[in-house]
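Read off the chains here:
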Amino acid sequence: MKLRRSMLFVPGDNAAMLSTSFIYKPDSIMFDLEDAVSPREKDSARLLVFQALQHPVYRDIETVVRINSLSTEFGRKDLEAAIRGGANVVRLPKTESPEAIHELETHVTRIEIACGRPVGDTKLMAAIESASGVVNAMAIASASPRMIAIAMAGFDYLVDMHTHRSDDWQPELFYARAAVLHAARAAHIDAFDVVYGNVNDDEGFMREVKIAKQLGFNGKSLIHPKQVYLLHRTYAPTQDEVDHARRVIAAAEEALRKGMGVVSLDGKMIDPPVLKEAEMTLQLAEAA
Ligand SMILES: CC(=O)SCCNC(=O)CCNC(=O)[C@H](O)C(C)(C)COP(=O)(O)OP(=O)(O)OC[C@H]1O[C@@H](n2cnc3c(N)ncnc32)[C@H](O)[C@@H]1OP(=O)(O)O
Ligand SMILES: O=C([O-])CC(=O)C(=O)O
Ligand SMILES: [Mg+2]
């Protein structure tokens, strides 16, 4: 089980951040060449990211590169740098259709062959940032066997929807979160919740982390190192949850020995889905 709770954005033009981001131990590091980099820095950022990808400190951590859209003058050059540099995953921003993934995949395969990487080695993920993207989320999530995740991108999405982010339970994001999550689960890939932009508001960030966890997201895209720690702490099962999961598994094994399909533990039913949930809790605790 590859743990993907935290995917930390690192602006591709920031040499200092590129050289230190691994110390914060996010599950994945995402070097950004898109919106965190101004147009005049795009070329130098691409070179910095190409070099960072090859540094030994990034050998043991999943590296992701957010490229510019292939319809821009930067997209194809970004993709060359990401694949030749050895990025594990390419993140396509503002994805609206499965055709965009097919186009991306054609270029990825061509570049892998050209640079001698095994075909299929580079994985893909898509950020969903518009109403069209949300409506097409299922087709996007299942557009390629290279797809490992889709991410809900709240900033651009809420602009497209003519609204803005609220506090509390965020009704403006509910449909999109649910749609992206269902698409990911149906395609058996991971799902990331939105970036939280106020790095000084831990309480607001934690509110969103709890929503994401409760809905079932694997994790969130992050923009600041302290968000990594806060998120990992919330996603980790508590000792009580681990103890309970162990008791559920023991009860289920006992039931199996006795030939019973369903038993009760502390008055609560234990059946196959309850057992599966307990196993997932232990897997998550072990991986964390
Ligand atoms: C809607 C979107 O597209 S979101 C994606 C694009 N946006 C991004 O990529 C933004 C990424 N985040 C950042 O650039 C920064 O965190 C900012 C600009 C938001 C805040 O930066 P700062 O004010 O410098 O934060 P702060 O002073 O708290 O940083 C503390 C330390 O963490 C480092 N740090 C901050 N953010 C990051 C990051 N994303 N990755 C790596 N290191 C980081 C800083 O370099 C600093 O290191 P130092 O103590 O060694 O000097
Ligand atoms: O992709 C992301 O997570 C961030 C982003 O661009 C957005 O919210 O518009
Ligand atoms: Mg965006």
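Values in this document were obtained by computation on a predicted structure and should not be read as measured data.

**As for the overall build of the chain**
For step 1, the next point in the chain: For the chain, the helix and strand inventory stands at twelve helices and ten strands.
For step 2, the next point in the chain: Scaling as 2.2 N^0.38, a compact globule of 288 residues should have a C-alpha radius of gyration of about 19 Å, and the chain matches this with 20 Å.
For step 3, the next point in the chain: Over its C-alpha atoms, taken along the principal directions, the chain stretches across nearly 65 × 45 × 35 Å.
For step 4, the next point in the chain: The 288 residues of the chain split such that 49% are buried.
For step 5, the next point in the chain: Taking the contacts inside the chain whose residues are at least 6 apart along the sequence as the reference set, 69% of them involve residues at least 24 apart.
For step 6, the next point in the chain: Positive and negative side-chain charges in the chain, numbering 33 and 40 respectively, have mean positions lying 3 Å apart.

**Details of the confidence of the model for the chain**
For step 1, the next point in the chain: In this model, the chain carries a mean pLDDT of 96, and residues with pLDDT of at least 70 account for 100%.
For step 2, the next point in the chain: The ipTM assigned to the predicted complex is 0.99, against a pTM of 0.96.

**Quick word on the coordination of the magnesium ion (ligand 3)**
For step 1, the next point in the chain: The coordination sphere of the magnesium ion (ligand 3), as far as protein atoms go, consists of Glu-129 (OE) and Asp-156 (OD), spread over 2.0 to 2.2 Å. Residue Glu-129 is found in the loop between β5 (123–128) and α5 (131–135), and its partner Asp-156 is found in helix α7 (residues 154–160); the two are separated by 27 residues along the sequence.
For step 2, the next point in the chain: Overall, Glu-129 belongs to the buried group, its relative accessible area being 5%.
For step 3, the next point in the chain: Looking at Asp-156, the relative accessible area reads 27%, which means it is partly exposed.

**A closer look at the environment of Ile-223**
For step 1, the next point in the chain: Locating Ile-223 in the fold gives a position in the loop between β8 (219–222) and α10 (225–235).
For step 2, the next point in the chain: Classification of Ile-223 by relative accessible area gives partly exposed; the value is 33%.
For step 3, the next point in the chain: For the pair Ile-223 and Glu-203, spaced 20 residues apart in sequence, the C-alpha to C-alpha distance is 16 Å.
For step 4, the next point in the chain: Once residues lying within four places of it in the same chain are set aside, the contact partners of Ile-223 are Leu-8, Phe-9, Val-195, Tyr-196, Gly-197 and Val-199.

**Observations concerning the UniProt feature "domain: HpcH/HpaI aldolase/citrate lyase" (unreviewed entry) in the chain**
For step 1, the next point in the chain: Under the feature "domain: HpcH/HpaI aldolase/citrate lyase" (unreviewed entry), the UniProt entry names residues 5–225.
For step 2, the next point in the chain: The straight-line gap between the two end C-alpha atoms of residues 5–225 is 13 Å; of that span, 43% is helix and 18% is strand.

**With respect to the packing of helix α2 (residues 42–53) against helix α3 (residues 75–85)**
For step 1, the next point in the chain: Viewed as axis vectors pointing N to C, α2 and α3 meet at an angle of 15°, and their least axial separation amounts to 8 Å. Accordingly, the angle class assigned to the pair α2 and α3 is roughly parallel. The two elements α2 and α3 cross, and the hand of that crossing is right-handed. Seen from α2, the contacting residues are Asp-43, Arg-46, Phe-50 and Leu-53; seen from α3, they are Lys-77, Asp-78, Ala-81, Ala-82, Arg-84 and Gly-85.

**Digging into the pattern of salt bridges**
Two side chains carrying opposite charge are able to pair once their charged atoms lie near each other.
For step 1, the next point in the chain: One pass over the structure, following the stated rule, counts 25 salt bridges.
For step 2, the next point in the chain: For the salt bridge of Arg-4 with Asp-190, the shortest nitrogen-to-oxygen distance reads 2.8 Å. Placement of the pair is Arg-4 in the segment before β1 (6–11) and Asp-190 in strand β7 (residues 190–193), with a sequence separation of 186 residues. With respect to burial, Arg-4 and Asp-190 carry one shared label: buried.
For step 3, the next point in the chain: Notably, a salt bridge pairs Arg-84 with Glu-80, separated by 2.7 Å at the nearest N-O pair. With Arg-84 and Glu-80 both in helix α3, this residue pair falls four residues apart, about one helical turn.
For step 4, the next point in the chain: Connected through shared salt-bridge partners, Asp-32, Glu-34, Asp-35, Arg-66, Lys-94 and Asp-156 make up one network.

**Here's the deal with the pairing of β5**
For step 1, the next point in the chain: For β5, the tally of buried residues reaches five of six residues, placing the bulk of the element in the interior.
For step 2, the next point in the chain: Bridge count between strand β4 (residues 89–92) and β5: four bridges; the pairing is parallel. Among the inter-strand pairings, Val-89 is bridged to a residue of β5, identified as Lys-123.
For step 3, the next point in the chain: Note on the crossover from β4 through helix α4 (residues 98–115) to β5: the handedness is right-handed.

What counts and how
Residues numbered from 1 in each chain as written. Chains lettered and ligands numbered in written order. Predicted model: local features only at pLDDT ≥ 70, side-chain atom pairs only at ≥ 80, totals over all residues. Heavy atoms only, no water. Helix = DSSP H or I, 4+ residues; strand = E, 2+ residues; numbered from the N terminus. Rg over C-alpha atoms; globule rule 2.2 N^0.38 Å. Buried < 20%, exposed > 50% of the residue type's maximum accessible area, 1.4 Å probe, protein only. Contact = heavy atoms within 4.5 Å. Lys, Arg positive; Asp, Glu negative; His and termini not counted. Charge placed at Lys NZ, Arg CZ, Asp CG, Glu CD. pLDDT = per-residue confidence, 0-100. Donors = N, O, S within 2.8 Å, 3.2 Å for Na, K, Ca; no water. UniProt positions renumbered as here; feature names shortened; annotations may be inferred. Axes fitted to C-alpha atoms, helices over the stretch in contact; angles between N-to-C directions. Parallel < 35°, antiparallel > 145°, perpendicular 65-115°, else oblique. Left-handed = near helix turned anticlockwise from the far one by under 90°. Salt bridge = Lys/Arg side-chain N within 4 Å of Asp/Glu carboxyl O. Pairing = 2+ DSSP bridges. Right-handed = clockwise from strand over helix to strand, strands pointing away.

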